[in-house]
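# Coordinate inspection notes
Single-letter residue listing:
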Amino acid sequence: MFTETSPSIIPIEDRTIVREGSRSPRILLIGPYDPLCGEYTFLAPPLGVWRLAGVLESAGVEVKVFDPNCCTGPPGRALERELLGCPWDVIGISTTGMTLRFDLELAHLARRMAPRALLVAGGMEATFRPELMFRLGPFDCVVLGEGERPLLELVARLRSGESLRGVTGTAERAADGGCLRMPQRALDRTELRDAIFRTPYEKMPYSVYWERLEDAYRIGALPTKAAREARLAEIRSVRLITLNYCPMGCTFCSSTNFLHEAQGSVASIARLDAEECVQMIQRIVSAHPQVRTVIFQDDIFVFTKDRRILPLCEAIIAAKESGTLPRELQFISTNRIDAMSPERLAAMRQAGFRVLGFGIENFSRNVLGEFNKAHIYDHIRPMLASALDLGITPFLDLILSSPRATLADVATTLREAYYWLQQGCEVGMYPYVIPFSGAAMSADPALQPFTVYEHRQVAGTEIAWEQPSKILPMDLAVRETILRIERDFEEALLQLQPRAAHLPSRLRSLLWIQCSLQPLAEQGLPIADEQEVRGEFSARLPQLKRAAAAPRVATA
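Scope of this entry: the structure provided in the associated data block. (Residues numbered from 1 in each chain as written. Predicted model: local features only at pLDDT ≥ 70, side-chain atom pairs only at ≥ 80, totals over all residues. Heavy atoms only, no water.)

## Notes on the overall build of the chain
We apply this condition: To qualify as a helix, a DSSP run of H or I must reach at least 4 residues; to qualify as a strand, a run of E must reach at least 2; elements of each kind are numbered from the N terminus. With a 1.4 Å probe rolled over the protein chains alone, any residue whose accessible area is under 20% of its type maximum counts as buried; one over 50% counts as exposed, and the rest are partly exposed. Should any heavy atoms of two residues lie within 4.5 Å, those residues are considered in contact. In this description, accessible areas are obtained by the Shrake-Rupley approach with a 1.4 Å probe, and a residue is regarded as covered only by the protein chains that are shown.
The secondary structure content of the chain amounts to 19 helices and 16 strands. Looking at the chain as a whole, 55% of its 556 residues qualify as buried. Considering only contacts in the chain between residues 6 or more positions apart, those separated by 24 or more positions represent 73%. When the accessible surface of the chain is totalled, it reaches about 23200 Å², and 51% of it is carbon and sulfur.

In structure tokens, the structure reads:
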């Protein structure tokens, strides 16, 4: 459902053309806009946007990255200054489903300020729903999938004065008002390597992000040097992507289908080899000597039949021994838990991997089957125990309910989550499946009656639409219980916000557990002792005054 005011669109043929032999094209790339400072994005430089900037710059293009999440003053004003600073030929805006209304706000601002620039949408949401971009935004075209080839082609056409229509890897408005897609194949291994190697880490303002995060964590208020050092190791991190996509096909995930959608068929996997990974790590350390942790931002870093992980660990250890990498440098990655083994875990620990993320999603075998992840069930407990024994901290992403979950499934996941938190794991929790565009669950017609929509509006315009925001459980009792837990969680979080510093996932997860205790106990499904959970929560809040202990959760 849409209500909209049609922006004044100049035909694409009449956009500014950079004549051959004149100045270089100027391109402004805008990252996803998350005004909640990390709720929907990492509070870090938008890595895909910077990679694209590096590729364009290597082709002689004048390019600048604007990150609305880390700029001076209000993002709208800061963007206005950029737009007035010089005439931009192309303005690219990266979009995600969670940040779309904010991304569109910047798109409309860019159109008003630069009416003759070519306005291009890219990113996850644009690839899966280009027709939505044209309905809601003033875009001239949409990039499908990876932006390197399409933008380089646009640059070549701007220089030569050729038509900007029909670029492979884009979608554009059709004459009949529809959407015309021109698929492109995914980057192959060599092309991906070259693009990653061109990422201009030297220009990425990581120190500015670190300062913001340190302020959010209130580093100076932490009680011990050890606590402060732990936070600094977590904050002073730089992200590195070495893989093009995760092929696992989880039913709730959209990124697994991103390149397939852009290509129109199944894309091939491509990633850096061990030697190339070490070269990039060395570049990062050289560009940012204060870095404490390199985070591999791949959706999946270690595969079951992985020939890279052991040679990579050996190469990292050798580089540390030779002095080409700091001995104290640490690493974080996200991995398949069924790809772990005692040998791999030991090698990763020796190389400096201190946190391993595992997309376990749920502790119920039934729900894992619904997520297309039943194969990991038997690996969860032994591999988590092995990792903890080696001094590695597992980080578990969990979804408390699924569309077909029972109350027993929800209780199982909460009990297991609490147990593993006590053992030393870190946990991030979400109450239900979020219907991301491109995910199998989002396209399942059986789940439409249980999909909740939220009214969205682009600030400063009359453009509005209904966006899917959650897929609730089919079972009425499960649905009501999850919504009650969510309501209590949000109320408790509001109580804490005026008094607490940044609440990391480990504390938010304990709060989710605390809010679940009574609703599930009323259903005959005890989770844990309430006083014990409250004590665990309070013990992890050293930066709060005594009066700001764990909030009371409403009881019936």
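Here the narrative resumes, following the displayed structure.
## With respect to the side chain of Arg157
Put simply, the rule reads: Here a polar contact is recorded for every N or O atom pair within 3.5 Å, except that within protein the pair must consist of a potential hydrogen donor and a potential acceptor, and residues adjacent in sequence are included only if both atoms are side-chain atoms.
With respect to the helices and strands, Arg157 occurs in helix α6 (residues 148–160). A polar contact of 2.5 Å, which involves the side chain of Arg157, links it to the backbone oxygen of Arg165. Setting aside its immediate chain neighbours within four residues, Arg157 contacts Glu162, Ser163, Leu164, Arg165, Gly166 and Val167.

## Notes on unusual backbone geometry
Phi at Glu361 is positive, roughly 75 degrees, even though this residue is not glycine. Position of Glu361 relative to the elements: it lies in strand β12 (residues 353–361). A positive phi is found at Asn372, a non-glycine position, where the angle reads about 65 degrees. Tracing the sequence through the fold places Asn372 in the loop between α14 (365–370) and α15 (380–389). The exposure class of Asn372 is partly exposed, given its relative accessible area of 39%.

## Considerations on the sheet that holds β12
How we decide: Think of it this way: DSSP has to see at least two bridges between two strands before they count as a pair. Comment: axis = line fitted to C-alpha atoms, over the contacting stretch for helices; angle = value between 0 and 180 degrees taken between N-to-C directions.
Taken together, the six strands give an open sheet; going across it, the order is β9-β10-β11-β12-β13-β14, and neighbouring strands pair in parallel fashion. The open sheet has two edge strands with one neighbour each: β9 (237–240) and β14 (426–430). Put simply, the sheet's adjacent strands are angled 20 degrees from each other on average, direction ignored. Here strand β10 (residues 293–296) pairs with strand β11 (residues 330–335) via four bridges, running parallel. Note on β11: the bridge partner recorded for Phe296 is Ser333. Strand contacts of helix α11 (residues 274–287): β9, β10 and β11, with the helix running at about 145 degrees to β9, the strand carrying the most contacts.

## Structural notes on the sheet that holds strand β3 (residues 62–66)
Read across the sheet, seven strands follow the order β3-β2-β4-β5-β6-β7-β8 without closing on themselves; strand pairing throughout is mixed. Of all strands in the sheet, those with a lone pairing partner are β3 and β8 (179–182), marking the two edges. Direction aside, the axes of adjacent strands within the sheet are offset by 20 degrees on average. Where strand β4 (residues 90–95) meets strand β5 (residues 118–123), six bridges bridge the pair, whose relative direction is parallel. When the bridges of β5 are listed, Gly92 appears paired with Val120. Each of β2 (26–30), β4 and β5 is contacted by helix α3 (residues 100–113), which is oriented at about 170 degrees to β4, the strand it contacts most.

## Here we look at the pattern of salt bridges
Filter applied, for reference: Salt bridges are defined as contacts in which a side-chain nitrogen from Lys or Arg sits within 4 Å of a carboxyl oxygen from Asp or Glu.
Counting across every chain of the model gives 25 salt bridges. For Arg193, the salt bridge goes to Asp194, with nearest N and O atoms at 3.0 Å. A relative accessible area of 24% places Arg193 in the partly exposed class. Under the relative-accessibility criterion, Asp194 is labelled partly exposed at 26%. Two residues, Arg365 and Asp378, come together in a salt bridge whose shortest N-O distance is 3.4 Å.

## Digging into the environment of Ser386
Mapped onto the elements, Ser386 comes out in helix α15. Sequence separation between Ser386 and Ser341 is 45 residues, and the spatial gap between their C-alpha atoms is 8.5 Å. Looking at Ser386, its side chain comes within polar contact range of the main-chain oxygen of Pro382, at 3.0 Å.

## A word on helix α1 (residues 47–58)
Going by this rule: Expected span of a helix: the number of residues minus one, times 1.5 Å.
A rise of 1.5 Å per residue sets the reference length of α1, with its twelve residues, at 16 Å; its end C-alpha atoms lie 17 Å apart and thus fit the reference within 8%. Burial of α1 is extensive: nine of the twelve residues sit out of reach of the surface. Of the positions making up α1, those classed as buried are Leu47, Val49, Trp50, Arg51, Leu52, Ala53, Gly54, Val55 and Leu56. Along its buried surface, α1 packs onto β2, β3, β4, α6, α7 (189–197) and β9. Two residues or fewer past α1, Gly60 is found with a positive phi of approximately 85 degrees.

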